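Structure assessment
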Amino acid sequence: MSAWQEKRTDWKTDRDAFVADQKAVRKTGKLPEHLGPPPSGFALLPWLLMGMGAFSNLFQGKTPNPWIGGIGLLVFNSLYIHVVFRAFTKEAREARSTRGALLALGVVTCLLGGLYGGSWLLFFPLLGLAAGAIVRGRWLGKTGIGLSALAGVVAGLRDGWGAVNVAYGTFLSTMVTAAILSLSDAVRELRAAREELARQAVEKERLRFSRDLHDLLGHTLSVIVVKSEAARRLAPRDMDAALVQVSDIESVGRQALTEIREAVTGYREGSLAADLDRAGSALRAAGIEPVVRQSGPPLAAQTEVLLGWVVREAVTNVVRHSGAGRCEITVDGSAEHVRLRVTDDGRGVAPPAAPESPVSGIGGTGLKGLTERLAAAGGLLEAGPGARNGFTVTAELPVDPVDPPDPARMAEPVDAVGRVPSL
């Protein structure tokens, strides 16, 4: 009784929410978000009224052995209610006790129909309702045909050609009940799947935004910190040099504001040349000699964006953690792919027990995020100890087709430290 009352309370709560949603639909014209109360055993209880004919015969004394008929009617109703209320939970529906109760319901139905006939044969369609609520999937067709044949045989022995109606009603009640309940479950599962996909999309977008924010601001703020420290050290002895660093801080800050606005509106197009230029400035401000080399055809905008993220993250790690005196940034492009390598001569990482090659995606949050970005674009990111010392970050990406390269750009000279002057 307590379980029955709990289910009834849940059903009333869902019904009230559905009614309120329908009222809102009539006012706004939007599709309802609430599907209404889920089906439960209460939906199949009114069909017990089909047994009123048998109850009337029993009450009027038209049934021989009324005590047997009364007990049989009580047992049938009890088993029917037990079975249909367990039909709407998958675990309970597939339990052996439920299948046993359904089998017992079938035995009682056959006994009552075979003993009394007439109105008592209408218990077979009720048995079909209970069976359709319990049996789903590949056994449904065999169950429906078997119950219909059983009902036809028992009704034929008692009622002659009227058995056709009983068999047809049993088959129809079994199949229609199973179809309606299966469709209802499918609709609710699809609704739950859609909500889950929406939730995952929100989580994915939140992760993307946090990764973009880290990649966008992590390098810029590190540059500002390094240049601020340089300005503080230079101010007591060389005010002009300190003012140059302060001017760079202002320029970097303005550029960061522009990039944030463009990133938020979704129109940001990265420039690898600008990222290489800022990387060189940040390295020099930290007292690290930058060596930048770039070769190959022009790159697509999306490829430049991805490589720019790698330059930002790798140079930020060099400035903050390496203690290096020299950092080389090399961009080698071909018709099929482009490779970016950032190598320093700093402390690197703790040496492993045995020599290992760089592995993909190691490092902190930034390198892990970049690994995911490049993998989504068909590329690869490797990070690990250098061949001699220091640390090496290598990124490879397939090259998307772009406009033909500019010969003047490809012929630009390289300065003494290996950096293209136009950068």
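These figures come from a predicted structure and were not determined experimentally.

1. What about the overall build of the protein chain?
Secondary structure assignment for the protein chain yields 13 helices and six strands. The burial tally for the protein chain puts 37% of its 423 residues in the buried class. Long-range contacts, defined here as pairs at least 24 residues apart, represent 68% of the contacts in the protein chain between residues at least 6 apart. Carbon and sulfur atoms form 61% of the exposed surface of the protein chain, whose accessible area is close to 24,100 Å².

2. Let's talk about the packing of aromatic side chains
Tallying each qualifying case throughout the model produces four aromatic pairs. For the ring pair Tyr116 and Trp120, a centre distance of 4.8 Å and an interplane angle of 35 degrees mean the geometry is tilted. Here Tyr116 matches Trp120 in class, with each residue buried. On the numbers, 5.8 Å between centres and 85 degrees between planes, the contact of Trp120 with Phe123 is edge-to-face. Accessibility classification places Trp120 together with Phe123 in one group, the buried group.

3. Observations concerning helix α11 (residues 301–322)
Look at α11: 30 Å from first C-alpha to last across 22 residues, which is about the 32 Å you get at 1.5 Å a residue. The buried fraction of α11 is high, at 17 of 22 residues.

4. Quick word on the pattern of salt bridges
Throughout the structure, instances matching the rule amount to 12 salt bridges. What emerges from the salt-bridge pattern is a single network uniting Glu289, Arg293, Arg326 and Glu328.

5. Topic: a nonpolar patch on the surface
Together, Ile68, Leu103, Val107, Leu111 and Leu115 give the surface a local cluster of nonpolar side chains, amounting to about 500 Å² of exposed area. With respect to the element layout, Ile68 can be found in helix α3 (residues 66–85).

6. Some details on the environment of Phe85
Of note, Phe85 is situated in helix α3. Residue Phe85 is classed as buried on the basis of its relative accessible area of 10%. Sequence separation of Phe85 and Ala43 is 42 residues, and the distance between their C-alpha atoms is 9.6 Å.

7. Side note on unusual backbone geometry
Phi at Asn65 is positive, roughly 50 degrees, even though this residue is not glycine. By secondary structure assignment, the location of Asn65 is in the loop between α2 (52–59) and α3.

8. Remarks on the pairing of strand β2 (residues 326–333)
Sheet topology note: the strand β1 (residues 289–295)/β2 ladder contains seven bridges and is parallel. Note that in β2 the partner of Ser295 across the bridge is Asp332. Read from β1 through α11 to β2, the crossover connection turns out left-handed. For β2 and strand β3 (residues 337–344), the ladder comprises seven bridges, and the chain directions are antiparallel. Residue pairing for β3: Ile329 is matched across the bridge by Val342. The turn linking β2 back onto β3 is made up of three residues.

9. Brief notes about the nonpolar core
Phe76, Tyr80, Leu102, Leu105 and Phe123 are the most contacted members of the largest nonpolar core, which has 38 residues in total. Counting only elements with at least two residues in this core, the list comes to α2, α3, α5 (96–116), α6 (123–134), α7 (140–159) and α8 (163–234). It is α6 that contributes the most residues to this core, nine residues altogether. In contact with Leu105, not counting residues within four places along its chain, are Phe76, Leu79, Tyr80, Leu127 and Ala130. Judged by nonpolar contacts, the second largest core, of 36 residues, contains Leu216, Leu272, Leu283 and Leu397.

10. Observations concerning the side chain of Thr394
If you trace the backbone, Thr394 turns up in strand β6 (residues 391–398). Of the residues examined, Thr394 reaches a relative accessible area of 10% and is grouped as buried. A polar contact is formed between the side chain of Thr394 and the side chain of Arg341, at a distance of 3.4 Å.

11. With respect to the packing of α8 against helix α10 (residues 272–285)
Running from amino to carboxyl end, α8 crosses α10 at an angle of 35 degrees, the nearest separation of the two axes being 9 Å. Crossing geometry of α8 relative to α10 is assigned as left-handed. On the side of α8, the interface is formed by His219, Val223, Val226, Lys227, Ala230 and Arg233, while α10 contributes Arg278, Ala279, Ser281, Ala282 and Ala285.

12. A look at the confidence of the model for the protein chain
Put simply, the protein chain has an average pLDDT of 79, and 80% of its residues get 70 or more. Under a pLDDT of 50 for its full length, residues 350–363 has, in the predicted model, 18 contacts with residues more than four places off or in other chains. Within the model, pLDDT remains below 50 along residues 402–423, and this stretch shows 33 contacts once partners closer than five positions in the same chain are excluded.

Analysis parameters
Residues numbered from 1 in each chain as written. Predicted model: local features only at pLDDT ≥ 70, side-chain atom pairs only at ≥ 80, totals over all residues. Heavy atoms only, no water. Helix = DSSP H or I, 4+ residues; strand = E, 2+ residues; numbered from the N terminus. Buried < 20%, exposed > 50% of the residue type's maximum accessible area, 1.4 Å probe, protein only. Contact = heavy atoms within 4.5 Å. Areas by Shrake-Rupley, 256 points an atom, 1.4 Å probe, with all protein chains shown as cover. Phe/Tyr/Trp six-rings, centres within 6.5 Å; stacked < 30°, edge-to-face > 60°. Expected span 1.5 Å × (residues − 1). Salt bridge = Lys/Arg side-chain N within 4 Å of Asp/Glu carboxyl O. Patch = residues over 30% accessible without salt bridge, like charges linked within 9 Å, V, L, I, M, F, W, Y side chains within 5 Å. Pairing = 2+ DSSP bridges. Right-handed = clockwise from strand over helix to strand, strands pointing away. Core = buried A, V, L, I, M, F, W, Y, C linked by side-chain atoms within 4.5 Å. Polar contact = N/O pair within 3.5 Å; in protein donor to acceptor, adjacent residues only side chain to side chain. Axes fitted to C-alpha atoms, helices over the stretch in contact; angles between N-to-C directions. Left-handed = near helix turned anticlockwise from the far one by under 90°. pLDDT = per-residue confidence, 0-100.

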